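What follows is the residue order along each chain.
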Amino acid sequence: MTSRKIRLAIVGLGHMGQYMIRLANQPEFQPDIELTAICESNDHSLQQCREQYPEVKYYADYQLLLDETDIDLLYVAVPPAYHHDVVSAALRKHIHVFCEKPLANSLDEAKRLLLMAKEAGVVHAIHFSMPHEPAVRQAEKMVAEGAIGTIRKLDLILQFPSWPREWQHNSWISSRRQGGFVLEVGVHWIHVIQKLFGRITHVQSELEFPEQPDRCEIGVRAKMVLAGGVPVHLNGMSEFAGAERVSLVVHGTAGTIALENWSELYAGPIGQPLQPVVADKQLGEPPVLKHVIQAIRGEQADLFDFHDGYEAQVVLEALRRPESSQLVDVRECDIDI
């Protein structure tokens, strides 16, 4: 691709769609990105955006956007149930795709999108950003340096007093079909675990649901196993009195590292209390959008593609839709590409 600006279109004006609009309009991205078109089915949201960015083309139909605009990159921020249709439409036109997590709303959909992306020969990225964060990078560095010895066990804690959280103003986030904290939050940590500690090979999951048949889980208890045999225990719950907690605790033969509430890092030797660890901010990476731009321009980029998205989806669907009360070998879902 030439050095001209990359023409970006955004589908979906929810929390992440709005974030991407603000990001694309920051000075550091202005030399590289031209926000060309926006698609949103909600008239009120579309009108609000139109008033703020009048120079952009607006659509209520993503297919019409793809047919009528000449774009290089499509950012997909619609609910998970619509990922497959929107992404596949872009791939058929050989447009680069930057998709919100999870990749799709089922394993079959995720597989089709991965195969289509490979065939299309375009940049295909998932918005997994946590492995780029300084606290995660610091924890990875500490583990690699043997700060806590050999890994014995991982504990993943997902606790939400209420779900959806107060700032999540949409209907699908609490639906059983395409919502729930296992999908919305858990997929981030599935990806982090597999990037830092290796492949999750086995999954056993038990879900607790409310009486309403269309509502998402309110509890999850699961055991996963890494390729080297290390166990990963997941304990998740919503609808209770208390504080939100989203944490990954890594126990080793010489100590423990804890990533508490996304970005607070703690560590300590065996028998001692955990102490705060200040993460080196220089370990962090710029926003994933920067890496997508670099990949489109044929430059070195540190991003996570649809293959990463598929591998996370394999574990995610085993957690969300358990088919057995026993540990299941999820490697049976591997794709040879």
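As annotated in an unreviewed UniProt entry, the protein carries the name Gfo/Idh/MocA family oxidoreductase and comes from Paenibacillus apiarius.

## As for the UniProt feature "domain: Gfo/Idh/MocA-like oxidoreductase N-terminal" (unreviewed entry) in the protein
Mapped onto this numbering, the UniProt entry annotates "domain: Gfo/Idh/MocA-like oxidoreductase N-terminal" (unreviewed entry) at residues 6-124. Annotated as 43% helix and 21% strand, the span residues 6-124 places its first and last C-alpha atoms 15 Å apart.

## Section: the layout of surface pockets
The space that makes up the largest pocket amounts to roughly 1500 Å³. As for the largest pocket, its lining consists of 48 residues, of which Gly-14, His-15, Met-16, Ala-77 and Glu-100 are closest to the centre. Secondary structure elements with two or more residues in the lining of the largest pocket: helix 1 (15-24), helix 4 (83-92) and helix 7 (181-197). The element best represented in the lining of the largest pocket is helix 1, accounting for 4 residues. For the lining of the largest pocket, the per-class residue count stands at 23 nonpolar, 17 polar and 8 charged. Of all elements in the fold, only strand 8 (200-208), helix 9 (306-320) and strand 16 (328-329) reach the threshold of two or more residues within the lining of the second largest pocket. Tallied by class, residues from the lining of the second largest pocket come to 8 nonpolar, 5 polar and 5 charged.

## Observations concerning the UniProt feature "domain: GFO/IDH/MocA-like oxidoreductase" (unreviewed entry) in the protein
In this structure's numbering, the residues bearing the UniProt feature "domain: GFO/IDH/MocA-like oxidoreductase" (unreviewed entry) are residues 136-257. The distance from the first to the last C-alpha atom of residues 136-257 is 11 Å, and the span holds 21% helix and 38% strand.

## So, helix 8 (residues 288-296)
Most of helix 8 sits inside the fold, with 7 of its 9 residues counted as buried. Buried residues belonging to helix 8 abut strand 1 (6-11), helix 1, strand 2 (33-39), strand 4 (73-76), strand 5 (96-99) and strand 6 (124-126). Once helix 8 finishes, Gly-298 follows within two positions and takes phi at roughly 80°, a positive value.

## Let's talk about the sheet that holds strand 13 (residues 264-269)
Spatially, 9 strands are ordered 14-13-12-11-7-10-9-8-16 in an open sheet, and the strand pairing comes out mixed. Sheet topology places strand 14 (275-276) and strand 16 at the edges, where each strand pairs with a single neighbour. Looking at chain direction, strand 13 and strand 14 are connected through 2 bridges and run antiparallel. What sits directly across from Tyr-266, in strand 14, is Pro-276. Seen against the sheet, helix 7 touches strand 7 (151-160), strand 8, strand 9 (219-226), strand 10 (231-238), strand 11 (245-252) and strand 12 (255-260) and runs at an angle of roughly 160° to strand 7. Sheet strands in contact with helix 9 are strand 8, strand 9 and strand 10, and its direction is about 30° off that of strand 8.

## Considering the nonpolar core
The biggest cluster of nonpolar side chains holds 84 residues, and the ones touching the most others in it are Leu-74 and Phe-306. Here Leu-74 is in contact with Ala-9, Val-11, Leu-66, Val-86, Ala-90, Ile-95, His-96, Val-97 and Phe-98, once residues within four sequence places are set aside. Residues Leu-8, Ile-10, Phe-29 and Ala-77 belong to the second largest nonpolar core, which totals 29 residues.

## Comments concerning empty space enclosed by the protein
A water-sized probe rolled over the atoms picks out the places where empty space is left. Per the stated rule, a full pass over the model turns up 3 cavities of 30 Å³ or more. In this model, the largest cavity occupies a volume close to 40 Å³. Lining the largest cavity are Ala-139, Val-143, Leu-196, Phe-197, Leu-248, Val-250, Ile-257 and Leu-259. Sorting the residues of the lining of the largest cavity by element identifies helix 6 (134-144), helix 7, strand 11 and strand 12 as the ones contributing at least two each. Size it by volume and the second largest cavity reaches roughly 40 Å³. Lining the second largest cavity are Leu-156, Leu-158, Val-182, Gly-186, Ile-190, Leu-234 and Leu-319. For the lining of the second largest cavity, the secondary-structure elements that each account for two or more residues are strand 7 and helix 7. It is helix 7 that provides the largest number of residues to the lining of the second largest cavity, a total of 3 residues. Tallied by class, residues from the lining of the second largest cavity come to 6 nonpolar, 1 polar and no charged.

## Some words on the side chain of Thr-256
Secondary-structure assignment places Thr-256 in strand 12. Polar contacts involving the side chain of Thr-256 include one to the side chain of His-251, which spans 3.2 Å. Setting aside residues up to four positions removed in sequence, Thr-256 forms contacts with Ile-148, Val-249, Val-250, His-251, Tyr-266, Ala-267, Gly-268 and Leu-274.

## Quick notes on the packing of helix 7 against helix 9
Across the interface, helix 7 lies against helix 9 with an axial gap of 9 Å and an inter-helix angle of 125°. With respect to helix 9, the element helix 7 is oriented oblique. The hand of the helix 7/helix 9 crossing is right-handed. For the pair formed by helix 7 and helix 9, the contact residues are Val-182, Leu-183, Val-187, Ile-190, His-191, Gln-194 and Lys-195 on the first element and Asp-308, Glu-311, Ala-312, Val-315, Leu-316, Leu-319 and Arg-320 on the second. Here the residues of the contact of helix 7 with helix 9 sort into 8 nonpolar, 2 polar and 4 charged.

Quick notes on the rules
- Residues numbered from 1 in each chain as written.
- Predicted model: local features only at pLDDT ≥ 70, side-chain atom pairs only at ≥ 80, totals over all residues.
- Heavy atoms only, no water.
- UniProt positions renumbered as here; feature names shortened; annotations may be inferred.
- Helix = DSSP H or I, 4+ residues; strand = E, 2+ residues; numbered from the N terminus.
- 1 Å grid on protein atoms, 1.4 Å probe; cavity = no way out; pocket = protein on both sides within 12 Å on 5 of 7 lines; lining within 4 Å.
- Points joined across faces, edges and corners; volume = space filled by probe spheres on them.
- Nonpolar A, V, L, I, M, F, W, Y, C, P; charged D, E, K, R; others polar.
- Buried < 20%, exposed > 50% of the residue type's maximum accessible area, 1.4 Å probe, protein only.
- Contact = heavy atoms within 4.5 Å.
- Pairing = 2+ DSSP bridges.
- Axes fitted to C-alpha atoms, helices over the stretch in contact; angles between N-to-C directions.
- Core = buried A, V, L, I, M, F, W, Y, C linked by side-chain atoms within 4.5 Å.
- Polar contact = N/O pair within 3.5 Å; in protein donor to acceptor, adjacent residues only side chain to side chain.
- Parallel < 35°, antiparallel > 145°, perpendicular 65-115°, else oblique.
- Left-handed = near helix turned anticlockwise from the far one by under 90°.

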